[in-house]
Amino acid sequence: GPGSRLLDVPTVIEPIQDGTANAVLLMLARNSELDGAVSSVKQLEEKFNWRYHYPWVFLNEEPFTEEFKEQVAAVTKANVSFGLIPSEDWYQPGWIDEEKAKAGRDALVEQDIIYGDSVSYRNMCRFQSRAFYKQELVLPYRWYWRVEPHVSFHCDMDFDPFAYLHNNNKVYGFNIAVYEWMETIPSLWPTVKEFINLHPQYVAQNNSMEFISNDGGSKYNGCHYWSNMEIADMEFWRGEAYTAYVDYLESTGGFYYERWGDAPIHTMAVSLFLSKDKIHFFDEIGYTHEPHSHCPQNLGLLPSRCNCQVGRSIDWRDWSCYPKWFIMQGQTLSLGHAPIES
Ligand code: GDP
Ligand code: MN
């Protein structure tokens with residue numbers, strides 16, 4: 001009501017011009033993914049970054065080869081740098097009970113869960129959950145766009161998503177949302193609920209609980225923003241709430257005893273600690289990371305500016321969480337949006 005407005009100090013945004021955000025294009029990659037890295041960089045340059053020349057930072061727990069550095073640098077005019085991840089940010093910590101971790105991996109293998117047996121995948125998820133935004137080469141930047149090897153960008157972009165988020169007072173941008181393999185995270189939601197019971201002050205008033213739970217928070221429904229493409233403000237990850245949250249998650253060992261993904265971890269934090277108006281759906285960013293694609297719903301963008309098919313777009317499919325997000329945001333259907341099937 002009008003009374004609460006007195007307590008709600010509005011943030012005053014100093015608008016910035018396209019191309020002037022303090023932003024970085026960020027890729028975690030292995031040397032063996034050179035071709036996929038080159039392909040992703042090339043496409044994002046052609047569709048977007050040739051206009052703005054945002055710098056690229058590549059990260060790896062092993063030194064990048066000269067070949068990797070040369071070939072990646074050859075497909076962009078922007079500044080590129082290559083960082084080595086400190087071992088404590090990457091490898092399984094010594095205090096993890098390896099016997100228990102092995103039992104957790106075996107249990108997932110038995111259930112045929114993807115990456116069930118992989119320790120390196122767990123290292124990666126832990127890194128993307130709690131360490132990428134603290135890397136020396138990343139610290140100077142506020143905004144990032146996460147890019148993976150072997151992804152595709154389908155649309156010519158004539159706007160700057162970093163400036164868009166900044167000027168519209170948003171924190172987190174996504175374009176695909178899907179359901180998690182629940183077997184990989186049995187204790188994650190109970191752990192997150194413990195955390196918010198201990199620190200209720202971090203939970204935002206106008207949060208997105210209804211995006212991540214169908215029963216008011218009792219159970220997690222698996223919905224998560226697909227973090228292989230996210231454009232966001234690292235001040236959120238570096239802030240007090242998220243730092244306390246990931247420290248709490250880390251202390252349980254769940255990254256190794258289970259197979260907690262960075263996507264549900266990011267999503268739960270964004271959903272609980274941010275007001276839902278801080279989250280933005282980038283319809284304009286046509287994108288494929290197999291097996292999912294997003295192609296703009298705004299038919300005005302097609303086909304001249306996008307080389308993708310709306311029919312392949314995940315948005316309104318059964319296995320997409322976008323409809324849930326859409327309803328939560330209280331948007332109304334308009335022409336160009338597929339109808340929600342009942
Ligand atoms: P998926 O998208 O969940 O199937 O997982 P990916 O294999 O695509 O890994 C996610 C991201 O982490 C990609 O950018 C990979 O290049 C990167 N990645 C995964 N595992 C490793 C690893 O062991 N070392 C390095 N340096 N990068 C990795
Ligand atoms: Mn991937």
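Nothing here was measured: the structure is a model prediction, and the numbers come from that model.

1. Here's the deal with the environment of alanine 23
- Of note, alanine 23 is situated in strand 1 (residues 23-28).
- On the neighbour-count criterion, alanine 23 (24 C-beta atoms within 10 Å) is buried.
- In this structure the C-alpha to C-alpha distance between alanine 23 and tyrosine 248, which are 225 residues apart in sequence, comes to 28 Å.
- Those residues in contact with alanine 23, other than ones at most four positions away along the chain, are Tyr54, Tyr141, Trp143, Tyr144 and Phe162.

2. Considerations on the domain arrangement of the protein
- Domain boundaries in the protein define domain 1 (11-85 + 131-169) and domain 2 (171-342).
- Centre-to-centre separation of domain 1 and domain 2, based on C-alpha positions: 21 Å.
- Facing 18 residues of domain 1, the contacting portion of domain 2 comprises 27 residues.
- Broken down by secondary-structure element, the contributors of at least two residues to the side of domain 1 that touches domain 2 are strand 4 (143-146), strand 5 (152-153) and helix 7 (161-167).
- Considering each element in turn, the side of domain 1 that touches domain 2 owes the most residues, four residues, to strand 4.
- The residue makeup of the side of domain 1 that touches domain 2, split by class, is twelve nonpolar, two polar and four charged.

3. Looking at the sheet that holds strand 5
- Overall, antiparallel pairing links the three strands, which are arranged 5-11-12 in an open sheet. A strand with exactly one partner marks an edge of an open sheet, and here the two such strands are strand 5 and strand 12 (292-294).
- Alignment of strand 5 against strand 11 (residues 287-289), held across two bridges, turns out to be antiparallel. Within strand 11, the residue paired with phenylalanine 153 across the bridge is tyrosine 287.

4. Considerations on the confidence of the model for the protein
- The predicted model of the protein averages 93 in pLDDT, with 92% of residues at 70 or higher.
- Within the model, the stretch residues 1-6 combines pLDDT values under 50 with zero contacts to residues more than four positions away or in other chains.
- Scored below 50 in pLDDT, residues 335-342 shows eight contacts in the model against residues more than four places distant or in partner chains.
- In the predicted assembly, ipTM is 0.99 and pTM is 0.94.

5. What to know about unusual backbone geometry
- Put simply, glutamate 290 and proline 291 share a cis peptide bond, and its omega is 10 degrees.
- Its place among the elements puts proline 291 in the loop between strand 11 and strand 12.
- For histidine 53, which is not glycine, the phi torsion reads 60 degrees and is therefore positive.
- Residue position: histidine 53 is located in the loop between helix 2 (34-49) and strand 2 (56-60).

6. Description of the sheet that holds strand 9 (residues 231-233)
- Read across the open sheet, the seven strands follow the order 3-2-1-4-9-6-10; overall the sheet is mixed. The two strands at the open ends of the sheet, each matched to only one other strand, are strand 3 (80-84) and strand 10 (279-281). On average, each strand axis in the sheet is inclined to that of its neighbour by 25 degrees, with strand direction left out of account.
- Here three bridges tie strand 6 (residues 172-174) to strand 10, and the two strands are oriented parallel to one another. What sits directly across from tyrosine 172, in strand 10, is isoleucine 279.

Procedures and definitions
Residues numbered from 1 in each chain as written. Chains lettered and ligands numbered in written order. Predicted model: local features only at pLDDT ≥ 70, side-chain atom pairs only at ≥ 80, totals over all residues. Helix = DSSP H or I, 4+ residues; strand = E, 2+ residues; numbered from the N terminus. Buried ≥ 20, exposed ≤ 12 C-beta atoms within 10 Å, placed from the backbone. Contact = placed C-beta atoms within 7 Å. Domains from an automatic or database assignment. Nonpolar A, V, L, I, M, F, W, Y, C, P; charged D, E, K, R; others polar. Pairing = 2+ DSSP bridges. pLDDT = per-residue confidence, 0-100. Axes fitted to C-alpha atoms, helices over the stretch in contact; angles between N-to-C directions.

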